[in-house]
Each structure stands twice: as structure tokens, then as C-alpha cells.
Amino acid sequence: MNRVGIVGIGNMGGAIAHGLINNKEEIIVSDGSAEKLSEYKSFSNVQIAKDNIDLVEKSKIIILAVKPNLYKTVIDEIKNEFSEDKILISIAPGFTIEKLENLLPNRKIAMIMPNTPALVYESMSAICPNTLLTEGEIEEVKKIFNLIGKVAILEEEYFPAFSGTCGCLPAYVYMFIEAAADGAVLNGMKRFDAYEFIAQSVLGSAKMVLETKKHPGELKDMVTSPGGTTIEGLKVLEEKGFRGSIIDAINATVEKSKNM
Ligand SMILES: NC(=O)C1=CN([C@@H]2O[C@H](COP(=O)(O)OP(=O)(O)OC[C@H]3O[C@@H](n4cnc5c(N)ncnc54)[C@H](O)[C@@H]3O)[C@@H](O)[C@H]2O)C=CC1
Ligand SMILES: O=C(O)[C@@H]1CCC=N1
């Protein structure tokens, strides 16, 4: 039996799949699209399931990586094959443990919110298991998601905020990189050089937060010389409501995930 099955190998399921494949994990995948599945034929450690039911029969941990509007349909389709020893992993915002348990009663279920940097082993995932998972099973799930990045065990009440800040955040960071590159292009820099230089600067800035453990405000102050160039830019960002826009954007995603 395969340890991990992934139903839906689109943006998120595909990122998890590639992270696991490159870590030599044996996986099984299914998808409604034959074209998507054909991309996985060349990997020796990937089995392609005949359909979702076949995948569930052949795996222990099943990651449901279809769009949230298909969750109910797919769970209904696989529920008869879903024996007590298997673990369903939901990665959709808005699917609380209660909702999932109503769809799949008396089964082991874990809510997980990963993000697409899984593809480069830099995902940030939160895990919230239901009460039926043993400590050993929680560790097993944690180990799998550790293959594609960092993992935190998180109480369910924090999931909407986590989903807004971590699940969605890469999109906001890419928008920031794109906009910064536009600023560089406006000043004559070649666009592809700009992406490279800015992405490395974002990576380095994030590493500073993680590794120095200094307050982000202190790190900001270390860049901002009196009467220098940075403070001119900071003033513009404050005037244009940069902080408020980010707070409102995160809040909007949290509200949406609470009301899906
Ligand atoms: N994209 C992201 O950054 C993140 C997505 N998620 C969650 O991951 C889930 C998937 O999202 P994406 O990967 O972005 O969507 P996507 O649309 O890129 O991928 C969904 C995949 O499911 C396949 N599919 C559709 N119907 C199917 C069925 N009946 N059986 C098997 N496969 C089927 C599609 O062909 C597609 O390849 C969603 O619930 C989303 O909320 C969670 C965290 C981050
Ligand atoms: O927008 C979405 O539905 C997914 C959930 C978290 C990130 N992307």
C-alpha cells in the first residue's frame, strides 16, 4: 500500500506531489484530467490510479486537493472505500473538522493548510488532527509535510487566520515582487534581472526575520539611514496606506474562509 495518495494534482496537489516525488516518497495520484496525469508517467515512484476509488483503496493517507466546491462530491464518491485505518487530509479553507466529520463520520481526518512553496520544499503548513488520529499517526502526517517544508500543529480556531496569512500569502508576495520589478523597469532595469534581484532580496529579508529573531521593526530601522533613501520610500508607503492595505487584505481572506 502507498503511504500517500493525492486526489487532484493541480497547483497545490501538484506542488505537494513534486515535493514528495523528489524526496523519493512512493505516491499514488488521481485527477479528472488525463493530460495532468500524463505528466506523472515518467516518475518511477508515482503510481497513477485508475480513479479516486482505486487511489483510496491503495493508500493510507489521502490528500484531497480538489477545489472546495468539489469536496462533497469527491468525499461522497470515496466514502465506501474509506476504512477506519485511513486518514483523510483536507487542505481546503472553510472545511472545519465538524463539516468534514459530517461528510465522513467516524474516520480519521486532519485539516492541513499548506502553501505552494511546497514545490521547492519551503512550504509552511499547519496541521489540526481530529481526535481519532493516534500520536503516532500525527507524527507520520507531520513527517510527510516536513518533507516539503515547515510544519506547525495548530488549534482549529487559528486556521482561518493561518489560511489568510500563509495559504494565500505567496500570491501577495508575488504581487509585491511584480510591482517592485515594475518600479525597477520604470528606472531602466531589465525585467528578468529585476525579478532575480528582488526575489533574492525578499528571500534574504525573510531569512533575517527567521534567523536573527529580531523584531521586524528593528530590521526595518537597520535599513533606514537618517536622511537616506529608504525613508523616502517608507514615507510614500505610509501615505498610500501600505500597512492598512495588507491588514485589510488578510482580513478579507480570513472572513472569506470563515464563510465558505
Ligand atoms: N493553490 C494554492 O495556493 C492553495 C490551494 N489550497 C487548496 O487546495 C485545493 C486545490 O486547489 P488548487 O490546486 O489551487 O486547484 P487546481 O484547480 O489547480 O487543482 C485541482 C485539481 O483537481 C482536479 N480535479 C477536478 N475534479 C476532480 C475529481 N473529481 N477527481 C480528481 N481530481 C479532480 C483538477 O483536474 C485539478 O488538476 C483547494 O481546495 C484549495 O483551496 C490550499 C492551500 C494553497
Ligand atoms: O484561494 C484559495 O482558495 C487557496 C486557499 C489558500 C490559498 N489558495
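Here the structure is a predicted model, which means the values were calculated and not measured. (Residues numbered from 1 in each chain as written. Chains lettered and ligands numbered in written order. Predicted model: local features only at pLDDT ≥ 70, side-chain atom pairs only at ≥ 80, totals over all residues. Heavy atoms only, no water.)

1. What to know about the side chain of Thr253
Secondary-structure assignment places Thr253 in helix α12 (residues 242-258). Of note is the side chain of Thr253, whose polar atom sits 2.7 Å from the backbone oxygen of Ile250. Discounting residues that sit within four places of it in the chain, Thr253 has contacts with Gly164, Cys168 and Tyr172. (Helix = DSSP H or I, 4+ residues; strand = E, 2+ residues; numbered from the N terminus. Polar contact = N/O pair within 3.5 Å; in protein donor to acceptor, adjacent residues only side chain to side chain. Contact = heavy atoms within 4.5 Å.)

2. Remarks on the UniProt feature "domain: Pyrroline-5-carboxylate reductase dimerisation" (unreviewed entry) in the chain
Mapped onto the present numbering, the UniProt feature "domain: Pyrroline-5-carboxylate reductase dimerisation" (unreviewed entry) falls on residues 156-260. The span residues 156-260 shows a helical share of 80% and a strand share of 0%, and its end C-alpha atoms are spaced 16 Å apart. (UniProt positions renumbered as here; feature names shortened; annotations may be inferred.)

3. Here we look at the pattern of salt bridges
Tallied over the full model, the rule gives 15 salt bridges. Close ionic contact of Arg3 with Glu25 constitutes a salt bridge, the shortest N to O distance being 2.7 Å. Here Arg3, found in strand β1 (residues 2-7), pairs with Glu25, found in the loop between α1 (11-22) and β2 (27-30); they are 22 residues apart in sequence, far enough to count as distant. When its relative accessible area of 28% is taken as the criterion, Arg3 is described as partly exposed. Notably, a salt bridge pairs Asp76 with Lys79, separated by 3.8 Å at the nearest N-O pair. Residue Lys79 is classed as partly exposed on the basis of its relative accessible area, which comes to 32%. Ionic contacts of the salt-bridge type, sharing partners, join the residues Arg3, Glu25, Lys60 and Glu140 into one network. (Salt bridge = Lys/Arg side-chain N within 4 Å of Asp/Glu carboxyl O. Buried < 20%, exposed > 50% of the residue type's maximum accessible area, 1.4 Å probe, protein only.)

4. Re the domain arrangement of the chain
Per the domain assignment, the segments of the chain are domain 1 (2-155) and domain 2 (169-258). One C-alpha centre belongs to domain 1, the other to domain 2, and the line joining them spans 32 Å. With six residues of domain 1 at the contact, the number on the domain 2 side is four residues. Summed over both sides, the interface between domain 1 and domain 2 buries roughly 280 Å², with carbon and sulfur atoms accounting for 62% of that surface. Our count for the domain 1 to domain 2 interface comes out at zero salt bridges. The class makeup of the residues in the side of domain 1 that touches domain 2 is two nonpolar, three polar and one charged. (Domains from an automatic or database assignment. Buried area = accessible area lost by both parts, 1.4 Å probe. Nonpolar A, V, L, I, M, F, W, Y, C, P; charged D, E, K, R; others polar.)

5. Structural notes on the environment of Lys150
Following the sequence through the fold, Lys150 ends up in strand β8 (residues 149-153). Here the alpha-carbon distance between Lys150 and Ser205, two residues 55 residues apart in the chain, equals 18 Å. Leaving out residues up to four positions away in the same chain, Lys150 has contacts with Ser123, Met124, Ser125 and Leu210.

6. Quick word on helix α9 (residues 191-212)
Taking 1.5 Å per residue as the helical rise, α9 with its 22 residues ought to reach 32 Å, and the 31 Å between its terminal C-alpha atoms agrees with that figure. In the segment just after α9, Lys213 is the residue with positive phi, at about 60 degrees. (Expected span 1.5 Å × (residues − 1).)

7. Regarding the state of the cysteines
Evaluated as defined, the whole model comprises zero disulfides. Cysteine Cys128 is unpaired, with the sulfur of Cys166 as its nearest cysteine sulfur at 15 Å. We note that Cys166 lacks a disulfide partner, and the nearest cysteine sulfur, in Cys168, lies 9.4 Å from it. (Disulfide = S-S within 2.5 Å.)

8. Some words on the side chain of Lys86
Within the fold, Lys86 resides in the loop between α4 (71-78) and β5 (87-90). Buried and unpaired, Lys86 has no salt bridge, with Asp85 as the nearest side chain of opposite charge at 5.0 Å. Polar contacts involving the side chain of Lys86 include one to the main-chain carbonyl oxygen of Ser59, which spans 2.9 Å. (Lys, Arg positive; Asp, Glu negative; His and termini not counted.)

9. Structural notes on the site of ligand 1
With respect to spatial proximity, 22 residues lie near ligand 1, and among them Asn11, Met12, Asp31, Asn52 and Val66 are the closest. Gly10 places a main-chain nitrogen or oxygen 3.4 Å from an oxygen atom of ligand 1. When isolated, ligand 1 has an accessible area of 830 Å², and the protein chains bury 79% of it. Per-class residue counts for the shell around ligand 1 are 13 nonpolar, six polar and three charged. (Near = heavy atom within 4 Å. Areas by Shrake-Rupley, 256 points an atom, 1.4 Å probe, with all protein chains shown as cover.)

10. Quick word on the nonpolar core
Core analysis: the largest hydrophobic core is formed by 59 residues, its most contacted members being Ile6, Ile27, Tyr71, Ile89, Val141 and Phe145. Broken down by element, this core gets its largest block of residues, six residues, from α1. Counting five residues, the second largest nonpolar core, distinct from the first, contains Ile177, Ala181, Ala184 and Ala194. (Core = buried A, V, L, I, M, F, W, Y, C linked by side-chain atoms within 4.5 Å.)

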